[in-house]
Amino acid sequence: MFFYFTDMKRCLLKIPLVFFLASCGFFDDSSSGIKLESVFLEDSLPGMIRVAANGQEVILGTDEATAKANERPQMEVRFDYDFSMGRSEVTCGEFNGLMGPTTGLLLQCASDNIPATDLTYYDAVLYANARSKAGGFDSAYTYLNAVFDAEKHCTNLEGFAFHPEVDGFRLPTEAEWVFVAKMVWNPSSSWNANNSDYKLHEVCSMKNVEYGPCDMAGNAMEWVNDWLGRFRDTPLSNYVGVPDGGSLGERVVKGGSYRNEARSIMIYSRGDVYMVTSSTKADYVGFRLAFGAIPGATWMNSNGNVMTSRIVPLANSSTIRTQTGSFRSKLVFRNDLTGNLAFVDYSNSILSVVEIEDTLDAYHPEISPDGKRVAFCSGLEGVSGKSSLYVRDLNAEGTNLVKLDVESAAIPRWRVFENGDTVIVYVTDAGNNKSEASFKSASTWQVKFANGKFAKPKKLFDGAYHGGLSEDGSLAVTGSSLLRAHIADRDTVWYNEEQACNASLAKDDSKRTLFLDFGGKNGRDYVGENYGPHQRILIADSTGKLVGSVKAPEGYTFDHSEWALGVGDLAVATLTNSAGAHTKIVLINVVRGNVIDVAEGDELWHPNLWTAQSDVAKNVSLDVDSAGVYLDENFDVGATILRYKIELVWTYRNWANVVVLGSSRPQSGIIPAKMREQFKTLNVTNVPNMLASTEFIAKNYVFPHVKNLKYLVISLDIDLWHKDEHSEYNFFYMDYKKYPGYVYDENHDFWKNGYPEGLAELTQNTLGQEYNEKLLRSTLGYVPGDPSSWEDEPAVEFDSTWMDYRAEHFESSFEYLKSILKMAENYNIRVIGIVFPQSPNFKKTGSFGRYGIRRSEAPALLKRIQDLESVYPNFIFWDENKMGDHDYDDSMANNKDHLSDLGARQLTERLNVLLEGME
């Protein structure tokens, strides 16, 4: 393979240099056969090297059994193209020079030549776009709106999409990054924890290959372009990752950093200490650029299916909420490329298009009134013939599929009667209704659906009225050539018998009918201008009289129009481009005439939008736009976890008598479900954590509101006490002010004068995240860890001598501990401070734990904490680590400083015994 290095000062040299790195020990066994053959110096893209990858392969991942699940197995990727990549990470000077004037984001750096770090993924892609614009190239990334925090960092790009076909600047794919890295891979010759003094160094200052890529290992960890997904043991070409971030929205970072020991930096590693999302930033994570189109790009979804296109959500959850009034909305539609149903759940802060993969051809989906199921059919409006009707759960697996046992059933519509019965209305044939005889040969039926089963169908009337049946049963409509209506047992034709289709009867009591026409005279007369087929949505009242119209966006026409369920003036439809492709789904406010892009793909059909309406929101005096809103779309892992922990406090404030606060160590170390019946426990830990955060939560949420609280359990993570309370490690220093719920609480003194009724219920229905919602609600805040080991050679991830220059940070945490103990004393609450077990093999390192403190210093510091027992009689110091001499074996470890579920069971049982003794 070939590198072409670009540097204006050297462009005349054009010196070929040959390296065979296998003989130099620059790469591990997995990189065998990949070599740096030649470097050609030219000046077309300054700072970039040209990589001749066409026809070559690279192996991603590993088959090592000890690797993380998302790093296994090995997967071969072939390249059918060449590309360019930055020789180094983008420097601080380069970033500030371009983005300072553009977005106002200026990084504070020790040198212009160190890597630009402390940047979100979105910061990096905006830089790539700016670089493309400056060079006269098209942008590889598009979006609708950008969100910036107070420091000018981009935390969200609504409607974000990557376009691999564009010839512009971008981030390298993981495959490209690994392909280049394997040519020069040598972590022992990098800036790492062994030689970096725990700080960044100027790019390319660690000399490896004179004109090749530098700092692929160490110095700054690097963003790459891909979402994080699983590998498969299958070869792929031009692989660009998974189509979206799934329910967690995780991203890939590569290469390790100056904080990591050389032996721990693996080329197959794909993450960091904590979950990495698009809005994550860290002072050791930067990026380098790539350039060039990726022809025939392929994605691979979570089921291992290869895709050459994907569906992109365009509107975020807040945009949907501004229209529907609720975060509890779902959109379902047909992906016509696969014939499968796909859906988006807007209650999640990270939006993902979930496709229910099946062999069934699915048309005309409609979500059930409770939002849990979807009905669909195998027949299509306007096409005669037999059709089957199905109902299944609206989840990724499409579980509990049931089929209505009749000869033919098409276009299902849900209804709920006043007595609570839920039925589905359907027709026996959905063909063209122009012929009266053909139309009357079909009929309209309904069938009760309860407990996952169909009852016996009941015929309603002759005629295939598949556009819907009103709440009182007095009006039914249909449109598949003619706009027909069934009014009080009388059949009629509306719209002067002009051609119409896609009729949909409103889901409220307004009896409005929405439909499309073909530019007919009635429509032209009503709107006062000429228009073409499907260029307008028309709305008729209960008598067929036109009362509204919405024009399609320029260059598009409407199709598949449907009223939304739960919001009276909203409808959904697809947009068809000039080539006839249904490339967008839009949300339409038929009163205001707003048309909002919701999703984009190659062929999207039959959208259906459901929204849950909460009675709580109507019956409380709280500001529903702020109360309980502890999260936004700028998905932050720590904020997401804490959103559910605060929900637990509000929900169980009158039940709990034990609360656990602290870091991820107690989060995976204490199991509420395994506590004795008398110890009603909530695990309200948060990540990242420091004692300043613990004190804030205790002071403002736990002590004032958990009325039966007897015991507060906190973690004493002294190796983490190097953190500055005025930093991102303390969520309640600045970050909490990003979220309306915390600001609203603070403006009301955290409700210390009395809990406001409805706050728990509002919190339960605000923006969340599916994975953590299911986990944390069911476990009362506990996050189980799989058994692994303590690691034979655990890496120390922060300078163990930090007490020499950060002693004031330790003292600050010590003062916060005393503040907690004093408050607890005033509330007559006992506090148990636990030093959680870490790897006994830290004894080999000279460090107390994962984040340092000399082992020689730790005993005296722990003794200072233990001595607080004599000052605060309500305090119990409990050391389960014992300087590594504990009895938690390898099976009880999830990693070097966290317990597995088995270890958590042992520690939880010991906590039970301790509390019983105190009782």
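Residues numbered from 1 in each chain as written. Predicted model: local features only at pLDDT ≥ 70, side-chain atom pairs only at ≥ 80, totals over all residues. Heavy atoms only, no water.

Chemist: Can you help me understand the overall build of the protein in this one?
Modeler: Of regular secondary structure, the protein possesses 17 helices and 52 strands. Against the 2.2 N^0.38 benchmark of 29 Å for 919 residues, the protein shows a C-alpha radius of gyration of 31 Å, consistent with a compact globule. For the C-alpha atoms alone, the extent of the protein along its principal axes is close to 95 × 80 × 50 Å. The 919 residues of the protein split such that 60% are buried. The contacts of the protein with a sequence gap of at least 6 include a subset with a gap of at least 24, amounting to 67%. Accessible surface, the protein as shown: approximately 34900 Å² in total, 47% of it carbon and sulfur. Side-chain charges of the protein comprise 88 positive and 123 negative groups, with the mean position of each set lying 3 Å from the other. (Helix = DSSP H or I, 4+ residues; strand = E, 2+ residues; numbered from the N terminus. Rg over C-alpha atoms; globule rule 2.2 N^0.38 Å. Buried < 20%, exposed > 50% of the residue type's maximum accessible area, 1.4 Å probe, protein only. Contact = heavy atoms within 4.5 Å. Areas by Shrake-Rupley, 256 points an atom, 1.4 Å probe, with all protein chains shown as cover. Lys, Arg positive; Asp, Glu negative; His and termini not counted. Charge placed at Lys NZ, Arg CZ, Asp CG, Glu CD.)

Chemist: Looking at this structure, I do not really get the side chain of S329. What am I missing?
Modeler: Along the chain, S329 turns up in strand β20 (residues 329–335). Separated by 3.4 Å, the side chains of S329 and T324 make a polar contact. Aside from chain neighbours lying at most four places away, what touches S329 is I320, T324, V344, D345, Y346, S347, L609, W610 and T611. (Polar contact = N/O pair within 3.5 Å; in protein donor to acceptor, adjacent residues only side chain to side chain.)

Chemist: Sorry if this is basic, but what is going on with the confidence of the model for the protein here?
Modeler: Parts of the prediction with low pLDDT should not have their coordinates interpreted in detail. This prediction gives the protein a mean pLDDT of 92; 94% of its residues lie at or above 70. Counting contacts from residues 1–32, a segment whose pLDDT is below 50, to residues more than four positions away or on other chains yields 93 contacts. Contacts for the low-pLDDT stretch residues 38–42, under 50 throughout, to residues beyond four places or in other chains number 26 contacts. (pLDDT = per-residue confidence, 0-100.)

Chemist: For this particular structure, what's the right way to read the packing of helix α14 (residues 803–826) against helix α15 (residues 858–866)?
Modeler: Relative placement of two packed helices is described by the angle separating their axes and the distance separating the axes. Packing of α14 against α15 brings their axes to within 12 Å, and their N-to-C directions diverge by 20 degrees. In terms of their interaxial angle, α14 and α15 are classed as roughly parallel. Classified by chirality, the crossing of α15 by α14 is right-handed. Touching M803, F810, E811, F814 and L817 of α14 are L861, R864 and I865, all from α15. Per-class residue counts for the contact of α14 with α15 are six nonpolar, no polar and two charged. (Axes fitted to C-alpha atoms, helices over the stretch in contact; angles between N-to-C directions. Parallel < 35°, antiparallel > 145°, perpendicular 65-115°, else oblique. Left-handed = near helix turned anticlockwise from the far one by under 90°. Nonpolar A, V, L, I, M, F, W, Y, C, P; charged D, E, K, R; others polar.)

Chemist: Please explain the pattern of salt bridges as it appears in this structure.
Modeler: Opposite charge on two side chains permits them to pair, given that their charged atoms come into close proximity. This model, assessed by the stated rule, comprises 57 salt bridges. The closest approach of N and O atoms between R910 and E880, which form a salt bridge, is 3.0 Å. Taken together, the positions of R910 in helix α17 (residues 901–918) and E880 in the loop between β50 (875–879) and β51 (893–895) put the pair 30 residues apart, joining distant regions of the chain. You can call R910 partly exposed: its relative accessible area is 27%. A single salt-bridge network, built from bridges that share partners, covers R665, D717, D719, E797, R850, K896 and D897. (Salt bridge = Lys/Arg side-chain N within 4 Å of Asp/Glu carboxyl O.)

Chemist: Is there a simple way to think about the packing of helix α10 (residues 691–705) against α14 in this case?
Modeler: Axis separation between α10 and α14 bottoms out at 8 Å; the angle between their running directions is 20 degrees. Overall, the two elements α10 and α14 adopt an arrangement that is roughly parallel. Crossing of α10 over α14 shows left-handed handedness. From α10, L691, A692, T694, E695, K699 and F703 reach across to α14, where they touch S813, Y816, L817, S819, I820, M823 and A824. Taken together, the residues of the contact of α10 with α14 sort by class into eight nonpolar, three polar and two charged.

Chemist: Sorry, what's going on with the environment of V58 here?
Modeler: As for its placement among the helices and strands, V58 is situated in strand β4 (residues 57–60). V58 gets classed as buried once you look at its relative accessible area, which sits at 1%. The spacing of V58 and F79 is 21 residues in sequence and 8.4 Å in space, taken between C-alpha atoms.

Chemist: Even after reading the chapter, I still don't get the sheet that holds strand β47 (residues 830–835), so can you show me in this structure?
Modeler: By way of backbone hydrogen bonds, the strands of a sheet pair with one another, either parallel or antiparallel. Strand order in the open sheet formed by five strands is β45-β44-β46-β47-β50, and the pairing between neighbours is parallel. On the outer flanks of this sheet lie β45 (681–683) and β50, each paired with one strand and no other. Strand-to-strand, the axes of this sheet are offset by a mean angle of 20 degrees, without reference to chain direction. The pairing of strand β44 (residues 658–661) with strand β46 (residues 711–715) spans four bridges and is classified as parallel. Bridge pairing links L661 to I714 in β46. (Pairing = 2+ DSSP bridges.)

Chemist: Is there a simple way to think about the state of the cysteines in this case?
Modeler: When the sulfur atoms of two cysteines share a covalent bond, that bond is a disulfide. For the structure shown, the criterion picks out two disulfides. Linked covalently through their sulfurs, C92 and C109 form a disulfide whose S-S length is 1.7 Å. Negative torsions about the S-S bond denote left-handed disulfides, and the value of about 75 degrees found for C92 with C109 makes this one right-handed. Remark: C109 occurs in the loop between α1 (92–103) and α2 (121–135) and C92 occurs in helix α1; sequence separation between them is 17 residues. What connects to what in the protein, once the bonded cysteines are numbered by sequence position, is 1-2, 3-4. (Disulfide = S-S within 2.5 Å.)

Chemist: Whenever I open this one, the sheet that holds strand β23 (residues 363–367) confuses me. Can you help?
Modeler: Ordered by their spatial adjacency, four strands build an open sheet running β23-β24-β25-β26, and the pairing between neighbours is antiparallel. With partners counted over all chains shown, the strands left at the sheet margins are β23 and β26 (402–403), one partner each. Relative to β26, strand β25 (residues 389–393) is paired through two bridges, and the arrangement is antiparallel. Counted as the bridge partner of Y390 is K403 from β26.

Chemist: Please explain the pairing of β4 as it appears in this structure.
Modeler: Along any regular strand, the residues point their side chains to alternate faces of the sheet. Only one face of β4 is buried: it carries V58 and L60, and the other face, with E57 and I59, is open. Across four bridges, the pairing between β4 and strand β5 (residues 75–78) is antiparallel. In the strand pairing of β5, L60 is matched with M75.

Chemist: Quick question: what am I supposed to make of the environment of E791 here?
Modeler: Mapped onto the fold, E791 is located in the loop between α13 (770–779) and α14. Through-space distance from the C-alpha of E791 to that of D283 is 26 Å; in sequence the pair is 508 residues apart. Those residues in contact with E791 that sit more than four places away from it in its chain are S839, N841, N895 and K896.

Chemist: Any chance you could explain unusual backbone geometry here in plain terms?
Modeler: In terms of backbone geometry, most residues other than glycine have negative phi values and most peptide bonds are trans. Between R72 and the following residue, P73, the backbone shows a cis peptide bond with an omega angle of -5 degrees. Omega for the peptide link from V687 to P688 comes to -10 degrees, which places this bond in the cis form. Phi is positive for A488, which is not a glycine, with a value near 50 degrees. Checked against the element boundaries, A488 lands in the loop between β33 (475–487) and β34 (490–493).

Chemist: Would you mind going over α10 with me for this structure?
Modeler: Owing to its 3.6 residues per turn, the α-helix brings residues three or four apart onto one side. Between its first and last C-alpha, α10 extends 20 Å over 15 residues, near the 21 Å set by a 1.5 Å rise per residue. At A698, α10 is bent by approximately 45 degrees, the largest bend along its length. Burial within α10 is extensive, with 14 of its 15 residues counted as buried. (Expected span 1.5 Å × (residues − 1). Bend = angle between axes of the 7 residues up to and from the residue.)

Chemist: How should I be thinking about the packing of aromatic side chains in this particular structure?
Modeler: Each aromatic ring pair is characterised by the separation of its centres together with the angle its planes make. The full count for this structure, using the stated rule, is 43 aromatic pairs. Among the aromatic residues, those joined into a cluster by ring pairs are Y630, W650, F696, Y701, F731, F732, Y736, Y739, Y742, F750 and Y755. The positively charged end of R251 is found above the aromatic ring belonging to W227, 3.5 Å away from the centroid. The residue whose ring lies beneath R334 is Y363, and the NZ or CZ to ring-centre distance is 3.8 Å. (Phe/Tyr/Trp six-rings, centres within 6.5 Å; stacked < 30°, edge-to-face > 60°. Lys NZ or Arg CZ within 6 Å of the ring centre and 35° of its normal.)

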